[in-house]
Amino acid sequence: AQQLEITPLPTNCYVYTTIKVMDDEVVPSNSMYLVTNEGVVLFDTPWDSTQLQPLLDTIMARHNKKVVMSISTHYHADRTEGLTYLASKGIKTYSYLKTYELGKLKDEELAEHIIYSDTTFKIGNYTFETFYPGAGHTPDNIVVWFPLQKVLYGGCFVKSTKTPSIGYIGDASMSSWKRSVKKVEKKYKHPEYIIPGHYSWESTKSLKYTKKLIRKYNRSNKL
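The following paragraphs examine the structure supplied in this document. (Residues numbered from 1 in each chain as written. Predicted model: local features only at pLDDT ≥ 70, side-chain atom pairs only at ≥ 80, totals over all residues. Heavy atoms only, no water.)

**Some thoughts on the overall build of the chain**
The test is simple: Only DSSP runs of H or I with at least four residues qualify as helices, and only runs of E with at least two residues qualify as strands; both kinds are numbered from the N terminus onward. This radius of gyration counts C-alpha atoms alone. The globule rule is 2.2 Å times how many residues there are, raised to the power 0.38. Categorising residues by exposure relies on relative accessible area from a 1.4 Å probe, with only protein chains included: less than 20% of the type maximum marks a residue as buried, more than 50% marks it as exposed, and the intermediate range marks it as partly exposed. Here, residues are in contact when the closest pair of their heavy atoms is within 4.5 Å. Method for areas: the Shrake-Rupley scheme with a 1.4 Å probe, in which residue coverage is limited to the protein chains shown.
In terms of regular secondary structure, the chain is built from six helices and twelve strands. For 223 residues, the compact-globule estimate of 2.2 N^0.38 gives 17 Å, and the C-alpha radius of gyration of the chain, at 16 Å, lies within 12% of that figure. Counting only C-alpha atoms, the chain reaches 50 × 35 × 35 Å along its principal axes. Counting the 223 residues in the chain, one finds 54% classified as buried. For the chain, the share of sequence-separated contacts (at least 6 apart) that also reach a separation of at least 24 residues comes to 60%. For the chain, the exposed surface amounts to about 10,400 Å²; the carbon and sulfur share of it is 51%.

**Here we look at unusual backbone geometry**
Trans is the prevailing form of peptide bonds, just as negative phi is the prevailing case for residues other than glycine. Backbone geometry at Asn12 places phi at a positive 70°, although glycine is not the residue there. Residue placement: Asn12 occurs in the loop between β1 (4-8) and β2 (13-22). In this model, Asp23 sits at a positive phi of 50°, which is unusual for a non-glycine residue. Relative to the assigned elements, Asp23 resides in the loop between β2 and β3 (25-36). Look at Asp23 and you get exposed, because its relative accessible area is 76%.

**Details of the sheet that holds strand β5 (residues 67-71)**
The following threshold applies: Paired strands, as defined in this entry, are two strands with at least two bridges between them according to DSSP. Lines fitted to the C-alpha atoms define the axes, with helices restricted to the stretch that makes contact. Angles between their N-to-C directions range from 0 to 180 degrees.
Judged by pairing direction, the sheet is mixed, and its seven strands sit side by side in the order β1-β2-β3-β4-β5-β6-β7 without closing on themselves. Where the open sheet ends on each side, the last strands, each with one partner, are β1 and β7 (113-115). Here the average twist between neighbouring strands, direction ignored, is 25°. With ten bridges connecting them, β2 and β3 associate as antiparallel partners. Considered in β3, the bridge of Val15 is made with Met32. The sheet contacts of helix α1 (residues 52-63) involve β1, β2, β3, β4 (39-43) and β5, and relative to β1 the element is tilted by about 40°. Set on the sheet, helix α4 (residues 97-105) makes contact with β6 (92-96) and β7; between it and β6 the angle comes to about 95°.

Encoded structure:
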C-alpha cells in the first residue's frame, strides 16, 4: 500500500492518508491540509513520524508553499505523533487545552500553543472553525469546519460508513458521544464532505452512521 495518498477536495482543501500496520492489518489514517496564500495549515499529523518529512516535502513540491501551522483534533498518536518535529521546523502547533492536558497525562506529543475555546481562524485568504462538541471517541475530540468549502473534518469523532464497528473505545465516552454528534449535525448543516479519521469518506451519512454504531454498542452493552 502507498505510504502517502493525497486527495483534493474543493477549493484548496486536501485529505492526506497515511497507513500503519496493526495486527497484520493495514489501517489508513485520514488527516487534512488547507493551502492558503500565507502557507499551508495541517489538521493532524501522520500516524508514524517517519512519514512527516515526506509529507512536508510533497506539500512543498506540489504547492510551492511551506506548512506554517498544525492543529491536532485529539491527543492520540494518530493525531499528535511528530508535533515536536514540526515545532523544531518552526511550524506553529496548536491543540485545545484538554488535548494538551490529556497528552501530557498519557505521555503523547504536545502542541506548543493552546486553543482555549472554539475559534474561527483566518489564515491568508481562508477561514476555518474549530469546534468542541463534547466527549466522544475521546474526552477532548474536536471537529473542524471549512465554511467556504462545506467540508467537515470529523477526525476519529466520526466513523466511516465503511467501518463495521465502533472501533477503539478505550478512551471513549459512550454515554455522551451520540449527544455530541447531534450538536455537530445541528451546527453544521449540509456538509458536502465529512472526513472521518479512518477509512473511506465517500458518504456524507457518516454522522448518522456514527450514531447508529453508538446505539448498537450501547444496546448490546446495556448502557
